[in-house]
Number of protein chains: 2
Amino acid sequence: MKKFPLKKAFTFIEPGPVTMITTFDGKKNNIMTISWNMVMDFTPQFAILTGPWNHSYKALVKTKECVISIPSVAISQKVIKIGACSGKDTDKFKKFNLTPLKAKYVKASLIKESLANIECRVADHIKKHNIFVLDGIAAWFNDKIKEKRMFHAAGDGTFTVDGRRINHKKLMINKLPDGV
Amino acid sequence: MKKFPLKKAFTFIEPGPVTMITTFDGKKNNIMTISWNMVMDFTPQFAILTGPWNHSYKALVKTKECVISIPSVAISQKVIKIGACSGKDTDKFKKFNLTPLKAKYVKASLIKESLANIECRVADHIKKHNIFVLDGIAAWFNDKIKEKRMFHAAGDGTFTVDGRRINHKKLMINKLPDGV
């Protein structure tokens, strides 16, 4: 994984793709699939929604750390299957043949087969709404993955793959932060 | 606009498209462009991030009402231009030749040229994080718009258009709520 500028990490989340969140509870790595996510301004801060119904919840609350891992459509089937089983009785890295890589700042693992990984610390837990606010602290990019299209959940079991890219930078020139 | 099942309204937001938010401050309609949005579980509840830097913020705080309007890529240029100017000095419906339609429950307008519109009431305002939690109360669908592909902001001035749709319902059968 190559280092990716943290200030641009939000460009992986703002499009609203399906993501995976990895945690480490002190004994076991786990992965959950999450498309309930949102960027928070032009910052490396992100909101995700999860609660006690996810096995990863306990580890997230306890360790206050995780990795947001952004897969390409090349592994969409694995990502969806990961969301359909539980870390309670499944070693998801093993079952889905994914490679955990050591992160730099957190104990949760990066996923080698993902396009990008963002190491995060929990900045706030809004219990009333099951929202976690995450501070991105480092971002990594796998430049060896040729399939770079992300994919998006409709929430009904169908997904759309990234299609054509359009450039409207000129229309937004006054709205974009420096260096993005 | 045809009525759209409220329980399925989240399927327009979960993919993470660029949306518009309309408000009515008692005198004027306004529109802002927002891609900082998130569904909250399989419910008609949504989170958006906005703050005092947007002219619409005041109306949203005051009226506790808005409409989330979901455009297709057919009007992407308008949507982005709407995000690049302010309701402070611009009548955006007029300037961008969009048609406000009367909503059923809120005073903010539906946008006729959008794929779908969701009438919302503010359920909570988490000031610390500039997050508004919105309860969807009615949803509408424009079945006359042929271009149904939504589009997603990367946050750097580029956008991706919905591409191929893939169906993974079988993989998720146990995770989907009834009737979705």
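Remember, it's a predicted structure, so these values are computed and weren't measured experimentally.

Procedures and definitions
- Residues numbered from 1 in each chain as written.
- Chains lettered and ligands numbered in written order.
- Predicted model: local features only at pLDDT ≥ 70, side-chain atom pairs only at ≥ 80, totals over all residues.
- Helix = DSSP H or I, 4+ residues; strand = E, 2+ residues; numbered from the N terminus.
- Rg over C-alpha atoms; globule rule 2.2 N^0.38 Å.
- Buried ≥ 20, exposed ≤ 12 C-beta atoms within 10 Å, placed from the backbone.
- Core = buried A, V, L, I, M, F, W, Y, C linked by C-beta atoms within 7 Å.
- Contact = placed C-beta atoms within 7 Å.
- Nonpolar A, V, L, I, M, F, W, Y, C, P; charged D, E, K, R; others polar.
- Pairing = 2+ DSSP bridges.
- Least-squares fit on C-alpha atoms with pLDDT ≥ 70 in both.
- Axes fitted to C-alpha atoms, helices over the stretch in contact; angles between N-to-C directions.
- pLDDT = per-residue confidence, 0-100.

Draft legend 1. Representation of the overall build of chain A. From N to C terminus, chain A includes 3 helices and 12 strands. Rg of the C-alpha trace for chain A: 16 Å, near the compact-globule value of 16 Å for 180 residues, within the 12% margin. Seen through its principal axes, chain A has C-alpha atoms that stretch 50 × 35 × 30 Å. A buried classification covers 51% of the 180 residues belonging to chain A.

Draft legend 2. Region of the structure containing helix α2 (residues 76-83) of chain B. With 6 of 8 residues buried, α2(B) lies mostly within the body of the structure. Residues of α2(B) that are buried: Ser76(B), Lys78(B), Val79(B), Ile80(B), Ile82(B) and Gly83(B).

Draft legend 3. Representation of the nonpolar core within the structure. Among the nonpolar cores identified, the biggest contains 106 residues, and Ala47(A) and Ala47(B) are the most heavily contacted of them. Ala47(A) has contacts with Asn37(A), Met38(A), Met40(A), Ile131(A), Phe132(A), Val133(A), Met38(B), Ala47(B) and Ile131(B), leaving out every residue within four places of it along the chain.

Draft legend 4. Spatial organisation of the interface of chain B and chain A. Taken together, the contact between chain B and chain A spans 51 residues of the former and 51 residues of the latter. Secondary structure elements with two or more residues in the side of chain B that touches chain A: β4 (37-39), β5 (45-49), α2, β9 (116-126), β10 (131-141), β11 (151-153) and β12 (158-167) of chain B. Ranked by the residues each element gives to the side of chain B that touches chain A, the list is headed by β12(B), at 10 residues. A per-class count over the side of chain B that touches chain A returns 24 nonpolar, 17 polar and 10 charged. As judged from the 7 bridges shared by strand β12 (residues 158-167) of chain A and β12(B), these two strands associate in the antiparallel manner. Following the sheet pairing, Thr160(A) is matched in β12(B) by Arg165(B).

Draft legend 5. Spatial organisation of the relation of the copies chain B and chain A. Between chain B and chain A, which share one sequence, the superposing operator has a rotation angle of 180 degrees and an axial displacement of 0.0 Å; the RMSD is 0.0 Å. As the rotation angle and translation indicate, the two copies are arranged about a two-fold axis. An overlap of 100% is found between the interface residues of chain B and their copies at the interface of chain A, pointing to a shared contact surface.

Draft legend 6. Molecular detail of the pairing of strand β5 (residues 45-49) of chain A. All names here are of chain A. Of all 5 residues making up β5, 5 are buried, and the element is well covered by its neighbours. The two faces of β5 match: Gln-45, Ala-47 and Leu-49 on one face and Phe-46 and Ile-48 on the other face are all buried. Across 3 bridges, the pairing between strand β4 (residues 37-39) and β5 is antiparallel. If you follow Val-39 over to β5, its bridge partner there is Phe-46. Counting the residues that bridge the hairpin from β4 to β5 gives 5 residues, and of these Asp-41 lies at a positive phi of roughly 70 degrees. Where β5 lies against strand β10 (residues 131-141), 5 bridges are found, and the strand directions are antiparallel. Counted as the bridge partner of Gln-45 is Asp-135 from β10.

Draft legend 7. Quick look at unusual backbone geometry. All names here are of chain A. Despite not being glycine, Asn-97 shows a phi value in the positive range, around 55 degrees. Along the chain, Asn-97 falls in the loop between α3 (92-95) and β7 (100-101). You can call Asn-97 exposed: it has 9 C-beta atoms within 10 Å.

Draft legend 8. Inspection of the sheet that holds β12(A) at higher detail. Here we have 4 strands laid out as an open sheet, ordered β11(A)-β12(A)-β12(B)-β11(B), and antiparallel in their pairing. The strands lining the two open edges of the sheet, one partner per strand, are β11 (151-153) of chain A together with β11 of chain B. Strand-to-strand twist in this sheet, taken as the mean axis angle between neighbours without regard to direction, amounts to 40 degrees.

Draft legend 9. Molecular detail of the pairing of strand β9 (residues 116-126) of chain A. Residues and elements named next belong to chain A. The pairing of strand β6 (residues 65-70) with β9 spans 6 bridges and is classified as antiparallel. Within the sheet, the bridge partner assigned to Ile-68 lies in β9 and is Ile-118. Pairing of β9 with β10 involves 10 bridges; the strand directions are antiparallel. Looking at the pairing, Arg-121 lines up with Asp-135 of β10. The turn linking β9 back onto β10 is made up of 4 residues, and Asn-130 within it adopts a positive phi angle of 60 degrees.

Draft legend 10. Up close: the environment of Gln77(B). Mapping Gln77(B) onto the fold places it in helix α2. Distance in space between the C-alpha atoms of Gln77(B) and Lys170(B) is 37 Å, their sequence separation being 93 residues.

Draft legend 11. Seen up close, the environment of Arg164(A). Locating Arg164(A) in the fold gives a position in strand β12. In this structure, the C-alpha to C-alpha distance between Arg164(A) and Arg121(A), residues 43 residues apart in sequence, is 33 Å.

Draft legend 12. Structural detail: the confidence of the model for chain A. This prediction gives chain A a mean pLDDT of 96; 100% of its residues lie at or above 70. With a pTM of 0.97, the predicted complex shows an ipTM of 0.95.

Draft legend 13. A look at the environment of Arg121(B). All names here are of chain B. Here Arg-121 shows up in strand β9. Take Arg-121: there are 14 C-beta atoms within 10 Å of it, and that puts it in the partly exposed class. When the C-alpha positions of Arg-121 and Met-40 are compared, they lie 15 Å apart, and in sequence the two are 81 residues distant. Those residues in contact with Arg-121 that sit more than four places away from it in its chain are Lys-64, Glu-65, Leu-134, Asp-135 and Ile-137.

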